[in-house]
Amino acid sequence: MENTTSNRIIIIDALRGFALAGVCLVHMNEQYIASPPSESLMEVTNTVFDQILNGIIGFFIIGKFFALFSILFGLSFFIQMNGATKRNENYGLRFLWRAFLLFIIGYIHQFFYKGDILTIYALLTPFLIPFYRIKNRWILLVAGLFLLSVPRFISFFIIGNESIFGFSSIMDGNSDINTAYINILKEGTITEVFAINGEQGMLQKMDFQIGLFARFYLTFGYFLVGLWLGKIELFHNLNEKIPLVKKWLKRSSIFFLIAMAITAGLFAISPQPVDFSSWVHVFGMNTYDWSNIAMTAIILCSFIILYHKKRGYRFFTFFESYGRMALTNYVLQSVIGTFLLFGWGLGFIGKLQTTYLVIIALSLIAIQAFISKIWLQKFKYGPLEWLWRSATKGKVQSFKR
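Residues numbered from 1 in each chain as written. Predicted model: local features only at pLDDT ≥ 70, side-chain atom pairs only at ≥ 80, totals over all residues. Heavy atoms only, no water.

Trainee: Just to check I follow, could you spell out helix α4 (residues 92-112) for this structure?
Mentor: In an α-helix, one full turn covers 3.6 residues, which means residues spaced three or four apart are oriented alike. Over its 21 residues, α4 extends 31 Å from the first C-alpha to the last, a length consistent with the 30 Å expected when each residue adds 1.5 Å. Within the span of α4, buried status applies to Gly92, Phe95, Arg98, Ala99, Leu101, Leu102, Ile105, Gly106, His109, Gln110 and Phe112. Residues of α4 that are buried in the fold lie against α3 (65-86), α5 (118-128), α9 (190-210), α15 (326-341) and α17 (383-393). (Helix = DSSP H or I, 4+ residues; strand = E, 2+ residues; numbered from the N terminus. Expected span 1.5 Å × (residues − 1). Buried < 20%, exposed > 50% of the residue type's maximum accessible area, 1.4 Å probe, protein only. Contact = heavy atoms within 4.5 Å.)

Encoded structure:
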């Protein structure tokens, strides 16, 4: 459905808000650590119900809603570049400046949460710009190479599962460096948290992004998928494209089952314990990523189909204002989450079962969505969106309605 008064495609806002809600659930459930938890982290024991909740979040949300969020970034890039082209503007240089500003916002966010994604988006943006004028089939081909994680195989062939920056294994929650980091989150001052997230945390994040886990390359693949969706105008006259979306949903479901079966088989025959030191482990990680890609497609297609049903539309409109203020809400939920959990704030890290973490996340999403709706009745943009837009254009933008 299109909002003809503002020329916004409001389903995209709702989808972005829905994706952000999933990201909030994951981050809160992981207690904003962005590292494997050490044995000493949890001071309480999760019940069977907590473990079921963890399983649901892992199966349906982790790795999927970040992907959806990334696809929407690529789609937003296309919308902005396409709008500039229609106005006969060369938006490439301005988009680079916009990416630089996003990096600054992301790095400030990094101080609170070392898993920040905005800096990664900003670093990838320059590589996205040339693809705007490339034909669709080449966009899909390159996206496929990245989503198949070809760069991961190259990286593993060159350096194996070693850290690029010399850290101990990123999967070892009980390593000295990870235990020390979690102790700072639990007991450190805000300046100590900022210091370790700003330097060591940034390097560890880049290790995760560029090394064996290849999140950097997957993210760029998702960007290209979003760009492609924009170029085929999926969200224009969407009613006519529902049969195509249903076909994608069916194919994605089949691919998901195949990828999960192959993943289970590979890890069943791989050397134990799993430490990602063998090619079998790497192939297993790859097919697991394929299952995440398929589940992301299932979620995206299901959202589109349900949004165009009366009951689904009524439910998903809840996320529209939340999605329009995604940048502000993303940063703010990290500030609130780390204040609740880390030692410089209320210090609940390790003291809350999964059930309570999920309740807090859902409450935060609901409150932010409500405030966003009220805010956008009086203002054109969220605070960070307005600041980003004004700095991009080099002049103060109109703020109040």
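Trainee: Even after reading the chapter, I still don't get the nonpolar core, so can you show me in this structure?
Mentor: Across soluble globular proteins, you tend to see nonpolar side chains buried next to one another. Counting 107 residues, the largest nonpolar core has Ile11, Leu227, Phe235 and Ile304 as the members making the most contacts within it. With 14 residues, helix α1 (residues 10-29) is the largest single contributor of residues to this core. Look past the residues within four positions of isoleucine 304 in its chain and what remains in contact with it is Ile11, Leu234, Phe235, Leu238, Ile242 and Val245. One finds Phe153, Phe276, Val282 and Met285 within the second-largest nonpolar core, a separate group that totals 7 residues. (Core = buried A, V, L, I, M, F, W, Y, C linked by side-chain atoms within 4.5 Å.)

Trainee: When you look at the pattern of salt bridges in this model, what are you seeing that I'm missing?
Mentor: Two side chains carrying opposite charge are able to pair once their charged atoms lie near each other. The tally for this structure, following the rule as stated, stands at 5 salt bridges. Arginine 16 is paired through a salt bridge with aspartate 13; the nearest N and O atoms lie 3.2 Å apart. Residue arginine 16 and its partner aspartate 13 are both found in helix α1; the two are separated by 3 residues, about one turn of the helix. With respect to class, arginine 16 is no different from aspartate 13; both count as buried. Between aspartate 116 and lysine 205 there is a salt bridge; the shortest N-O distance is 3.4 Å. Of the two residues, aspartate 116 sits in the loop between α4 and α5 while lysine 205 sits in helix α9, which places them 89 residues apart along the sequence. Of the two residues, aspartate 116 and lysine 205, neither departs from the other in class, the shared state being buried. (Salt bridge = Lys/Arg side-chain N within 4 Å of Asp/Glu carboxyl O.)

Take it as geometry only, folks, not as evidence of what the structure does.
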